[in-house]
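Letter by letter, the chains look like this.
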Amino acid sequence: MALARILIVEDEAITALDISRVLERLGYEVIGTADKGTKAIELTDELEPDLILMDITLKGELDGIETSALIQKNHNIPVIYLSAHNDDSTLERSRSANSYGYLLKPLNDRDLNSCLRMALFRFDAENKLKESEENLHLSFKMNDILFNSLPSLALIINSKGIILEVNDKSAEVNFDTSHFKGSDIREVFP
């Protein structure tokens, strides 16, 4: 099984072929190549790669950074930029585009493999963190619903005796407890 399914976006055919051969030798599956931004967008929609290697300076209407921005509107796919340029403005543009890496051409096999593995690891970790945060948020929301549906007044107190939350039951009995939040329980109920 391949380490990842990769789309190569490179306008130099020989360079694209060379990268493709290196990737396959390293255990990756090259699912397509594109030489223009518009073609890269079409292939991304069609093939749904795990990662995109994107030349920054593509010929045509869209450069690599513009193409990546359009792809990211519809897909959550990590992009590693490739460039023969290492000037500050190019580096800054790639950084502002939330890239997962930046490699200078000609590519070194070891650097390419390391960058790919780190990008895939970071992407996976970010997705797991996002999923965990969403689950935690849902859990808090469910707990809040349960807490506020209790039939009597309830408080959440931390280990130091500070009142963190008061449920909605107090409002039903015309007893304002909102000022209790942040108070020491021993002062509220001596």
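Check the entry above for the structure.
This text gives an overview of the structure that appears in the document. (Residues numbered from 1 in each chain as written. Predicted model: local features only at pLDDT ≥ 70, side-chain atom pairs only at ≥ 80, totals over all residues. Heavy atoms only, no water.)

**Regarding the sheet that holds strand β2 (residues 29-34)**
Each strand in a sheet pairs with another by means of backbone hydrogen bonds, the pair being arranged parallel or else antiparallel.
Link 1 in the chain: Read from one edge of the open sheet, five strands run β2-β1-β3-β4-β5, paired in parallel fashion. Only two strands of the sheet have a single neighbouring strand rather than two, namely β2 and β5 (101-104). Sheet twist, expressed as the mean angle between neighbouring strand axes with direction ignored, is 20 degrees.
Link 2 in the chain: Examined bridge by bridge, strand β4 (residues 79-83) and β5 share four bridges and lie parallel to one another. Within β5, the residue paired with Y81 across the bridge is Y102.
Link 3 in the chain: This element, helix α1 (residues 13-25), spans β1 (5-9), β2, β3 (51-55) and β4 of the sheet and lies at about 165 degrees to β1. (Pairing = 2+ DSSP bridges. Helix = DSSP H or I, 4+ residues; strand = E, 2+ residues; numbered from the N terminus. Axes fitted to C-alpha atoms, helices over the stretch in contact; angles between N-to-C directions. Contact = heavy atoms within 4.5 Å.)

**Structural notes on the packing of aromatic side chains**
A ring pair, where both rings are aromatic, is described by two values, the distance of the centres and the angle of the planes.
Link 1 in the chain: Counted according to the given criterion, the structure contains one aromatic pair.
Link 2 in the chain: Between Y100 and F123, the aromatic rings sit 6.0 Å apart at their centres with planes inclined by 75 degrees, giving edge-to-face as the arrangement. Linking Y100 in the loop between α4 (88-96) and β5 with F123 in helix α5 (residues 109-148), this pair joins segments that are 23 residues apart in sequence. Taken as a pair, Y100 and F123 share a single burial class, namely buried. (Phe/Tyr/Trp six-rings, centres within 6.5 Å; stacked < 30°, edge-to-face > 60°. Buried < 20%, exposed > 50% of the residue type's maximum accessible area, 1.4 Å probe, protein only.)

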